[in-house]
Amino acid sequence: MSHPIAIPARSVGRAVAAMLRRDRWALAGAVTIAVLGLAAVAADLLTAIEGQDPYSYRTEALDPRTGGPAGALGGVSGEHWFGVEPLTGRDLFAIVVHGARTSFLIGLAATLVSVVLGTLVGAAAGYRGGWVDRVVTWTADVFLGFPYLIFMIALGAVVPGHVSRPLLLVLVIGFFGWPSIARIVRAQVLTLKKRNFVSAARILGASPWQVFRTELLPNLWAPIIVVATLSIPGNIGLEAALSFLGVGIPPPTPSWGRTISTAVDWVSTEPMFLFFPGIALFLATWAFTVFGDGLRDALDPKTDVRR
Amino acid sequence: MMSKQVRKLVPIAAAVALLAGCGANEQGAAQNAAAKAEQGGTLRILSEGQTVNYDPAKSSSLPITSLGYVHRRLTGWLNAEGEQVEVVPDLADTGTASDGGKTWTFTLKEGLKFSDGSPIRAQDVKWGVERTYAPAFSGGLGYHKQLLVGGADYRGPFEGKRLDSIQTPDDKTIVFHLTRPYGDWPWITSTPAFAPVPEGKGAEPDYGEHPVASGPYQIASYQRGVQVRLTRNANWDKGSDQIRGGLPDEVVFQLGQEASVVSQRLVADSGDDRTAFGSSFASPAQLAQLQGNASAKQRLVTSRTGALAYLAINTEKLTDPKVRQAFQYAVDKTSFQIASAGSAQLAGDVATTLITQGIAGREQFDLYPTQPAGDVDKAKQLLTEAGLPNGLDNLDFVVSKSNDAPAKAQALQAALARANIRTNIRVLDPDAYTAETSQAANPTYDLTLGSWQPDFPSANANIQPLFASSEVGGGGYNLSRYRNPEVDRLIEAAQSEVDPVAAGKKWVELDRRILADSPVVPLIYTRNSFLRGSKVANFYIADFPAYPNYLQAGIAK
């Protein structure tokens, strides 16, 4: 995990642009992220064009014999682009694009939480050293080995119902994400603080906070962006896993994980019901992973460019 | 009185009209008739639970299911397809009333023996009933507890006190003194509490794992979460027992089985699974998949009717009857049927009354006539009249995680939203759900889903447990927290009526009276579907209750 990533000479933006020109996989990832992100942002518009919404029951779109979708391929038609959900007739396209909104919001917000926490904690550990460093390192080790999925399931069961679930998910997933970011930031700060410009600032009487803001942070962006991008797919997957297990986003708000969980029971008769949310989740996690890999290659001169 | 979410139901006279719409069951019946159940073999029961409870004091088992293999009771049920269920003699006769229905006397049959060879005496039945009052052995059906004189503050025989309202003048006679006349008492004596426990025994908490048997089987081995094996009880006399076939040599419960895996195994129908059946309901997804599998479809047994599924409205939170009446029009019973089982035919008929199909004396009526899909305008109009032109917001709709309740709740949520009734579904684990809905003193929910099958086929068991104020909280199942002194008075009057016809009229009157207040919205009379292996024969669901009769099932050669 903790590649010591050197400070890029070029600006992050220009490095990314160059990387996308060079690395076709990363470009494919970026395009997929853009498409899914656009679908998430424009979910209401897209479903309005289709003439559906993810909440209304359309029992007329179901086979009256079984309650499964009427028609081939899970009821795919001009009216229902991805078909409908068995037993409810809710539009699967609307569920998938609104589910993208849920996944992206939770995945990105949780990553933001872990980045803020991890950067502050990691920088403090690296810069202050001593007992702060030891406590942070030990805690990070404990957190990395912590069975957090079980903890989250238990937490989901005991937190009272009036606490907003999306907020809870963001905080919990984000909270468990800080150690990997803190480790990288700490390693980076350890090398940075020996550099002359940091020593100079310190000697001139800058407070630790000033040193962090003006001297360290500008040189931490590259590794933070890389590790954050690489942790987004994990967070999206975690939200899906929790929703799959029934402790994530409560119904009826669409969530890929919950739809996949329902679809598993139907896989032998209605495989398309599993296919669409499954492929969406796959694409989202794949895209962020290859894009993050590309970023790391571009921003870390120590890694050999693969192609 | 927990775990009432899945209970039993009552169909009977009205079932004749239903026969036409019940293809699945007829096919099941035809198949059963073709293969004859024979003596011998091992019957396997695939169960989701980690345990099978064989402690009669803690049991809410029907007289025709698992507990009946090991324990006999004072009275039992005889049911067969197309016939009304009857209360019949089991250990004793069906009792004679005196003192206007306040005193009931039962005479035990001759020559009855426990599995250890000792005779079954009236004192053993008395001991069994007394044991149910011990706080350590609570949780079973408790209809008798308040009815027996002195029962209200009795704490069981292990503290040295006996219950004097149960008298045993000799080994064969047992007399019950009740606090008030009670016409349904012979049905009450068919509940698990009236199974004999040898006098002085059963003090240990795990008595249910090695009980002294009176039925055709005894427990040979008991492994929690793995299996329970029942073998023949040599001291059971088939001649004295008209309700148990006792056909298989062994009965094996395979425990802790995932429901979807059970379904797949039974559909595949290979090896030992041919002699097995599943004890939990087939889920909607499973039912849809079976429609394309002719062999499995034949082995699906569906009841003709079953529990009343209803939406309970917390009357302490939604106090205006007019607002509650709006819910009667806002729900969509069609989408609820589809969410329950995929089709109206497998889910069950739309319900409009509290008394379930097949109960003697039931009258079909509809106080809030509308389409099955509801009448949104009428609902909005009622809300406006009640001073809520913008509808209702943030209603807390609590459901249990089990039995597909979240999916059913979502169907109702979407339907209510059409009438501007916006709800938040809160899904709880089954135990937490029971704690919130039936045990909490001041629960916060506005709505919840209920399902109720009477414990015995009388309108009394439809209405009293759900609407008497004594059943609010404290483990009771009055989920609407409905308190109405007039209704309480009418319930007591109807219970005291010993003439069944007159009692029937009083219950119908109550059905209308309660629905006028709209504490619940009746949704459907739920049908239950079960899958069996191809060698399981005589596996049927009669009109009441909506569960297979375990005691008659056998293995075909």
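This report concerns the structure included in the present document. Quick caveat, the model's predicted, so the values are computed rather than measured.

### Observations concerning the overall build of chain B
Tallying secondary structure elements over chain B gives 17 helices and 21 strands in all. For a compact globule of 557 residues, the expected C-alpha radius of gyration is about 24 Å, and chain B comes in at 23 Å, within 12% of that figure. Once the C-alpha set of chain B is aligned to its principal axes, its extents read approximately 70 × 55 × 40 Å. Partitioning the contacts of chain B with sequence separation of at least 6, the portion at a separation of at least 24 is 76%.

### A word on the packing of helix α11 (residues 221-244) of chain A against helix α12 (residues 256-264) of chain A
Residue and element names in this part refer to chain A. Taken N-terminus to C-terminus, the directions of α11 and α12 make an angle of 45°; their axes are 7 Å apart at the nearest point. Considering the angle they form, α11 stands oblique to α12. Handedness of the α11/α12 crossing: right-handed. For the pair formed by α11 and α12, the contact residues are E239, A240, A241, L242, S243 and F244 on the first element and W256, G257, R258, I260 and S261 on the second.

### Some thoughts on the interface of chain B and chain A
Counting residues at the interface gives 26 residues for chain B and 23 residues for chain A. For the side of chain B that touches chain A, the elements supplying multiple residues, two or more each, are α7 (284-290), α10 (333-341), α13 (405-418) and β16 (421-428) of chain B. For the side of chain B that touches chain A, the leading source of residues is α13 of chain B, giving 6 residues.

### Description of the nonpolar core
In terms of nonpolar packing, the biggest core is built from 226 residues, with V96 of chain A together with L311, A330, V331 and L523 of chain B touching the most fellow members. For this core, the element with the highest residue contribution is helix α4 (residues 92-128) of chain A, accounting for 14 residues. Residue contacts for L311 of chain B: discarding those within four places in its chain leaves F327, V331, L412, L447, L449, V520, V521 and L523 of chain B. Of all hydrophobic cores here, the second largest spans 12 residues; its members include I106, M152, F176 and L238 of chain A.

### Digging into the pairing of β16 of chain B
Residues and elements named next belong to chain B. The element β16 is largely enclosed, with a buried count of 6 among its 8 residues. In terms of strand pairing, strand β15 (residues 392-400) meets β16 through 7 bridges, oriented parallel. Note on β16: the bridge partner recorded for V399 is V427.

### Structural notes on the sheet that holds strand β7 (residues 166-170) of chain B
Residues and elements named next belong to chain B. The strand order across the open sheet formed by 4 strands is β5-β6-β8-β7, and the pairing between neighbours is antiparallel. Of all the strands in the sheet, the pair left with one neighbour each is β5 (96-98) and β7. Going from strand to strand, the sheet's axes swing by 25° on average, the running direction of each strand aside. The sheet strands contacting helix α4 (residues 122-131) are β7 and β8 (173-177), and the helix crosses β7 at an angle near 170°.

### Concerning the sheet that holds β15 of chain B
Residues and elements named next belong to chain B. Pairing is mixed across the open sheet formed by 5 strands, whose spatial order is β16-β15-β17-β14-β18. Strands with a single pairing partner mark the edges of an open sheet, and in this sheet they are β16 and β18 (520-525). Averaged over neighbouring strand pairs, the angle between their axes works out to 25° when direction is ignored. When strand β14 (residues 308-313) meets strand β17 (residues 447-452), the two strands line up antiparallel, connected through 6 bridges. Directly across from L308, in β17, lies its bridge partner W452. Contacting β14, β16 and β18, helix α9 (residues 321-330) crosses the sheet at an angle of about 140° to β14.

### Focus on α9 of chain B
All names here are of chain B. Burial analysis of α9 places 7 of its 10 residues in the buried class, the great majority of the element. Within the span of α9, buried status applies to R324, Q325, A326, F327, Q328, Y329 and A330. Lining the buried residues of α9 we find β14, α12 (376-385), α13, β16 and β18.

### A short note on unusual backbone geometry
For the bond running from P251 of chain A to P252 of chain A, omega is 5°, close enough to zero to count as cis. In this structure, P252 of chain A sits in the loop between α11 and α12. Across the junction of F544 of chain B and P545 of chain B, the peptide omega takes the value -10°, indicating a cis bond. Even without a glycine there, the phi angle at L73 of chain A is positive, about 55°. Within the secondary structure layout, L73 of chain A lies in the loop between α3 (43-50) and α4. The phi torsion at D99 of chain B lies on the positive side, around 60°, for a residue other than glycine. By the element assignment, D99 of chain B lies in the loop between β5 and β6 (103-107).

### Things to note about helix α17 (residues 500-517) of chain B
If you check α17 of chain B, its first and last C-alpha atoms are 26 Å apart, about what 18 residues at 1.5 Å a residue would give, namely 26 Å. Looking at the packing, one finds that the buried side of α17 of chain B touches α15 (459-467) and α16 (485-496) of chain B.

### Thoughts on the environment of R131 of chain B
Residue and element names in this part refer to chain B. Along the chain, R131 turns up in helix α4. Taking the number of C-beta atoms within 10 Å as the measure of exposure, R131 has 25 and is therefore buried. Distance in space between the C-alpha atoms of R131 and G68 is 19 Å, their sequence separation being 63 residues. Not counting the four nearest positions on each side in its chain, R131 is found in contact with A57, F137, G156, P157, V197 and G202.

### So, the pairing of strand β11 (residues 250-254) of chain B
All names here are of chain B. Note that strand β2 (residues 42-46) and β11 share 5 bridges and pair parallel. Note that in β11 the partner of L46 across the bridge is Q254. With 5 bridges joining them, strand β10 (residues 227-232) and β11 adopt antiparallel strand pairing. By the bridge assignment for β11, L230 is matched with V251.

Parameters and conventions
- Residues numbered from 1 in each chain as written.
- Chains lettered and ligands numbered in written order.
- Predicted model: local features only at pLDDT ≥ 70, side-chain atom pairs only at ≥ 80, totals over all residues.
- Helix = DSSP H or I, 4+ residues; strand = E, 2+ residues; numbered from the N terminus.
- Rg over C-alpha atoms; globule rule 2.2 N^0.38 Å.
- Contact = placed C-beta atoms within 7 Å.
- Axes fitted to C-alpha atoms, helices over the stretch in contact; angles between N-to-C directions.
- Parallel < 35°, antiparallel > 145°, perpendicular 65-115°, else oblique.
- Left-handed = near helix turned anticlockwise from the far one by under 90°.
- Core = buried A, V, L, I, M, F, W, Y, C linked by C-beta atoms within 7 Å.
- Buried ≥ 20, exposed ≤ 12 C-beta atoms within 10 Å, placed from the backbone.
- Pairing = 2+ DSSP bridges.
- Expected span 1.5 Å × (residues − 1).

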